[in-house]
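One letter stands for each residue in the lines below.
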Amino acid sequence: MRFDVTTLLACALAGAFLTGCDGRPPEPPASGPADPVEALNRLDPRRPVPLLPAMAWHQKQNMQQHLVAVEAITHALAHEDWDGVTAAARTIGTTPDMQRTCRRMGAGAEGFTDLALEFHQRADAVAEAAATRDAGAVLRATSVMLRTCTACHATYRQDVVDAATWGARTGMTPPGH
Ligand code: HEC
């Protein structure tokens, strides 16, 4: 390309660092991937939990409900409403349905399902503590339960994948296949 005065002036005006003088968009910086999701995954050192999009959304909804349950537990505890504590803790307690969901969610991430099942057992313990009507015991059980929330969040992150990838990484048959 021939550089004449007009080209140089145009480059200066456009800011040669924003668009190359040949009009092509600039190359992404060599330090990171162009795909922003890939860039995020490189920053986030936690273990990926492969999930189909619908599973990832389901998990997020479950998680939001978990936090609502914690809110309800602490609210009821503050009012010494022991039945309220029990009812709130039971919404995140162990059920066959919950166990099935945890096994499926954690199928591609070692240790995830065990931690998830442990979490639900600790929620059961909060409900049991409420039966003693001892605020200190309920608080201690709640704190032990919350430690599983934070341990899991520190260790795992969602990794949203397509059906073929999910099947390969979990050894399970994707839904509808
Ligand atoms: C066995 C693992 C595990 C346990 C236990 C767990 N979580 Fe999560 N939670 C996750 C994962 C994985 C994510 C997604 C994190 C990511 O990809 O950044 C998440 C995300 C969340 C989010 C964000 C939801 C959204 O809409 O994006 C909230 C809120 C949350 N968890 C609350 C809780 C609370 C409260 C508890 C305990 C009472 C809890 N979680 C227990 C694994 C867990």
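Scroll up for the structure.
Since the model is a prediction, treat every value here as computed from it, not as a measurement.

### Things to note about the coordination of the iron atom of the ligand
- On the protein side, the iron atom of the ligand has Met63 (SD) and His153 (NE2) as donor atoms, found 2.0 to 2.2 Å from it.
- One can describe the donor arrangement at the iron atom of the ligand as octahedral, given that its 6 donor atoms subtend angles of 87 to 179 degrees at the metal. Here His153 lies in helix H7 (residues 135–155) and Met63 lies in helix H3 (residues 53–78), a separation of 90 residues in the sequence.
- When its relative accessible area of 34% is taken as the criterion, Met63 is described as partly exposed.
- Residue His153 is classed as partly exposed on the basis of its relative accessible area, which comes to 44%.

### Thoughts on the packing of helix H5 (residues 96–105) against helix H6 (residues 112–131)
- Between H5 and H6, whose axes approach to 8 Å, the crossing angle comes to 155 degrees. On the basis of the axis angle, H5 is roughly antiparallel to H6. Between H5 and H6 lies a crossing of right-handed hand. Residues Met98, Gln99, Cys102, Arg103 and Met105 of H5 lie in contact with H6, whose contacting residues are Phe112, Thr113, Ala116, Leu117 and His120.
- Among the residues making up the contact of H5 with H6, the classes are represented as 6 nonpolar, 3 polar and 1 charged.

### Points about the packing of helix H4 (residues 82–90) against H6
- Where H4 meets H6, the closest approach of the two axes is 8 Å, and the angle between their N-to-C directions is 165 degrees. Looking at the two axes, H4 sits roughly antiparallel to H6. As for the relative orientation of H4 and H6, their crossing is left-handed in sense. Taking contact as the criterion, the partners of Trp82, Val85, Thr86, Ala89 and Arg90 in H4 are, on H6, Ala123, Asp124, Val126, Ala127 and Ala130.
- Of the residues assigned to the contact of H4 with H6, the class counts are 7 nonpolar, 1 polar and 2 charged.

### A few points about the state of the cysteines
- Counted under the stated rule, the structure contains 0 disulfides.
- Here Cys102 is not disulfide-linked; the sulfur of Cys152 is the nearest cysteine sulfur, at 9.5 Å.
- Classification of Cys102 by relative accessible area gives buried; the value is 8%.

### Examining H7
- Look at H7: 30 Å from first C-alpha to last across 21 residues, which is about the 30 Å you get at 1.5 Å a residue.
- Turning to H7, its buried residues are Ala137, Val138, Ala141, Thr142, Met145, Thr148, Cys149 and Cys152. Along the axis of H7, the buried positions cluster into a sector of 135 degrees, meaning they face one direction only. Exposed residues pointing more than 90 degrees away from the buried face of H7 are listed as Leu139, Arg140, Arg147, Thr150 and Ala154.

### Some points on the pattern of salt bridges
- By the definition in use, this model includes 5 salt bridges.
- Where Arg46 meets Asp44, a salt bridge forms, and the shortest distance between an N and an O atom there is 2.9 Å.
- By relative accessible area, Arg46 is classed as partly exposed at 29%.
- We classify Asp44 as buried; its relative accessible area is 16%.
- Two residues, Asp97 and Arg100, come together in a salt bridge whose shortest N-O distance is 2.9 Å. Taken together, the residues Asp97 and Arg100, both in helix H5 and 3 residues apart, mark about one turn of the helix.
- The class of Arg100 is exposed, set by a relative accessible area of 54%.

### A closer look at the packing of aromatic side chains
- Under the definition given, this model contains 1 aromatic pair.
- When the ring of Phe112 is compared with that of Tyr156, the centres are 5.2 Å apart and the planes differ by 85 degrees; the resulting orientation is edge-to-face. Pair noted here: Phe112 is in helix H6 and Tyr156 is in strand E2 (residues 156–160), with a separation of 44 residues, a long-range link.
- Relative accessible area serves as the criterion here: at 7%, Phe112 is assigned to the buried category.

Thresholds, definitions, all that
Residues numbered from 1 in each chain as written. Predicted model: local features only at pLDDT ≥ 70, side-chain atom pairs only at ≥ 80, totals over all residues. Heavy atoms only, no water. Donors = N, O, S within 2.8 Å, 3.2 Å for Na, K, Ca; no water. Tetrahedral: all angles 85-135°; square planar, octahedral: opposite > 155°, others 65-115°. Helix = DSSP H or I, 4+ residues; strand = E, 2+ residues; numbered from the N terminus. Buried < 20%, exposed > 50% of the residue type's maximum accessible area, 1.4 Å probe, protein only. Axes fitted to C-alpha atoms, helices over the stretch in contact; angles between N-to-C directions. Parallel < 35°, antiparallel > 145°, perpendicular 65-115°, else oblique. Left-handed = near helix turned anticlockwise from the far one by under 90°. Contact = heavy atoms within 4.5 Å. Nonpolar A, V, L, I, M, F, W, Y, C, P; charged D, E, K, R; others polar. Disulfide = S-S within 2.5 Å. Expected span 1.5 Å × (residues − 1). Arc of directions from axis to C-beta. Salt bridge = Lys/Arg side-chain N within 4 Å of Asp/Glu carboxyl O. Phe/Tyr/Trp six-rings, centres within 6.5 Å; stacked < 30°, edge-to-face > 60°.

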